[in-house]
Amino acid sequence: GDSVTQMEGPVTLSEEAFLTINCTYTATGYPSLFWYVQYPGEGLQLLLKATKADDKGSNKGFEATYRKETTSFHLEKGSVQVSDSAVYFCALLSGGSNYKLTFGKGTLLTVNP
Amino acid sequence: NAGVTQTPKFRILKIGQSMTLQCAQDMNHNYMYWYRQDPGMGLKLIYYSVGAGITDKGEVPNGYNVSRSTTEDFPLRLELAAPSQTSVYFCASSYSGQGTDEQFFGPGTRLTVL
């Protein structure tokens, strides 16, 4: 079945540091890939997405590229801010899964000033 | 637009009690979903609906029931609550089930069963 494996946390960085959170997946067919962010005490929000191979999703300075050959969708940001502190979830949606999003376990990011 | 709303925000139940978690959306979305989030884990799909009157099981449906009598509302019913149902519950909605459509999430209900 479908699965998502993402980098274990927690990740602690200083402000303006470079961020990478690794995400790899297993899926049938050609899934759509997503990064969701969950700020403390809130629900999940879509951060970015990519729906086909080689697409790059971007939002708020975050980027991720859909790499079919390595089945990866790593999240990157060049310079993190304290306000980026949150839990980040990688997820996939494949047509054969009855519209079900499959999530990774989440990575807690803490950015210190 | 309020988006996706959930009530209550918090609830403590005793083993064997029942309750209904409410979820409503005002975006005229066809698809609605219930997920649970356990500590250190990603979200798992409990039930979903592709339109009023149509529901189907997700990955972890045991111990739960749903109904969808209107486009706006998608309540989740817990019968005979058990400690294993202690979790944070999220409702979500989307216009369609396609990968191009974003799922919008509510703020969650934190449930503790003692």
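(A) Focus on the sheet that holds strand β9 (residues 75-77) of chain A. Residue and element names in this part refer to chain A. Spatial strand order, β3-β9-β8-β7: four strands in an open sheet with antiparallel pairing. Edge positions in the open sheet fall to β3 (19-21) and β7 (56-59), since each of these has one partner strand only. When strand polarity is set aside, the average angle formed by the axes of neighbouring strands in this sheet is 15°. Sheet analysis places β7 next to strand β8 (residues 62-65), joined by four bridges and oriented antiparallel. Counterpart to Ser 58 in the pairing with β8 is Glu 63.

(B) Expanded view of the nonpolar core. Residue and element names in this part refer to chain A. In this structure, Trp 35, Leu 47, Leu 48, Phe 73, Leu 75 and Tyr 88 are the most contacted members of the largest nonpolar core, which totals 26 residues. The biggest single contributor to this core is strand β10 (residues 86-93), with four residues. Residues in contact with Leu 47, not counting those within four places in the same chain, are Trp 35, Tyr 36, Val 37, Asn 59, Lys 60, Phe 62, Leu 75 and Tyr 88.

(C) Structural detail: the pairing of strand β4 (residues 23-26) of chain A. All names here are of chain A. Burial along β4 is one-sided: Cys 23 and Tyr 25 are buried, while Thr 24 and Thr 26, pointing the other way, are not. In terms of strand pairing, strand β1 (residues 3-6) meets β4 through four bridges, oriented antiparallel. Bridging from a neighbouring strand, Ser 3 pairs with Thr 26 of β4.

(D) Fine view of the interface of chain B and chain A. Contacts between chain B and chain A engage 22 residues on the former and 20 residues on the latter. A buried area of about 1,700 Å², summed over both sides, lies between chain B and chain A, and 59% of it is on carbon and sulfur atoms. Counting across the interface, chain B meets chain A through zero salt bridges. At the boundary of chain B with chain A, the tally comes to two residue pairs in polar contact (both at pLDDT 80 or more). Going through the elements one at a time, β4 (31-37) and β5 (43-51) of chain B are the ones with two or more residues in the side of chain B that touches chain A. In the side of chain B that touches chain A, the residues fall into 11 nonpolar, eight polar and three charged.

(E) Broad picture of the state of the cysteines. Evaluation of the coordinates by the stated rule reveals two disulfides over all chains. In this model Cys 23 of chain A forms its disulfide with Cys 90 of chain A; the gap between the sulfur atoms is 1.9 Å. With the S-S dihedral at roughly -70°, the linkage between Cys 23 of chain A and Cys 90 of chain A falls on the left-handed side. Remark: Cys 90 of chain A occurs in strand β10 and Cys 23 of chain A occurs in strand β4; sequence separation between them is 67 residues. Bridging Cys 23 of chain B to Cys 91 of chain B, the disulfide has an S-S length of 1.8 Å. On the sign convention where negative is left-handed, the bridge of Cys 23 of chain B and Cys 91 of chain B, at about -70° about the S-S bond, is left-handed.

Reading the values: rules and limits
- Residues numbered from 1 in each chain as written.
- Chains lettered and ligands numbered in written order.
- Predicted model: local features only at pLDDT ≥ 70, side-chain atom pairs only at ≥ 80, totals over all residues.
- Heavy atoms only, no water.
- Pairing = 2+ DSSP bridges.
- Helix = DSSP H or I, 4+ residues; strand = E, 2+ residues; numbered from the N terminus.
- Axes fitted to C-alpha atoms, helices over the stretch in contact; angles between N-to-C directions.
- Core = buried A, V, L, I, M, F, W, Y, C linked by side-chain atoms within 4.5 Å.
- Buried < 20%, exposed > 50% of the residue type's maximum accessible area, 1.4 Å probe, protein only.
- Contact = heavy atoms within 4.5 Å.
- Buried area = accessible area lost by both parts, 1.4 Å probe.
- Salt bridge = Lys/Arg side-chain N within 4 Å of Asp/Glu carboxyl O.
- Polar contact = N/O pair within 3.5 Å; in protein donor to acceptor, adjacent residues only side chain to side chain.
- Nonpolar A, V, L, I, M, F, W, Y, C, P; charged D, E, K, R; others polar.
- Disulfide = S-S within 2.5 Å.

By themselves, these are just geometric observations and shouldn't be taken as functional.
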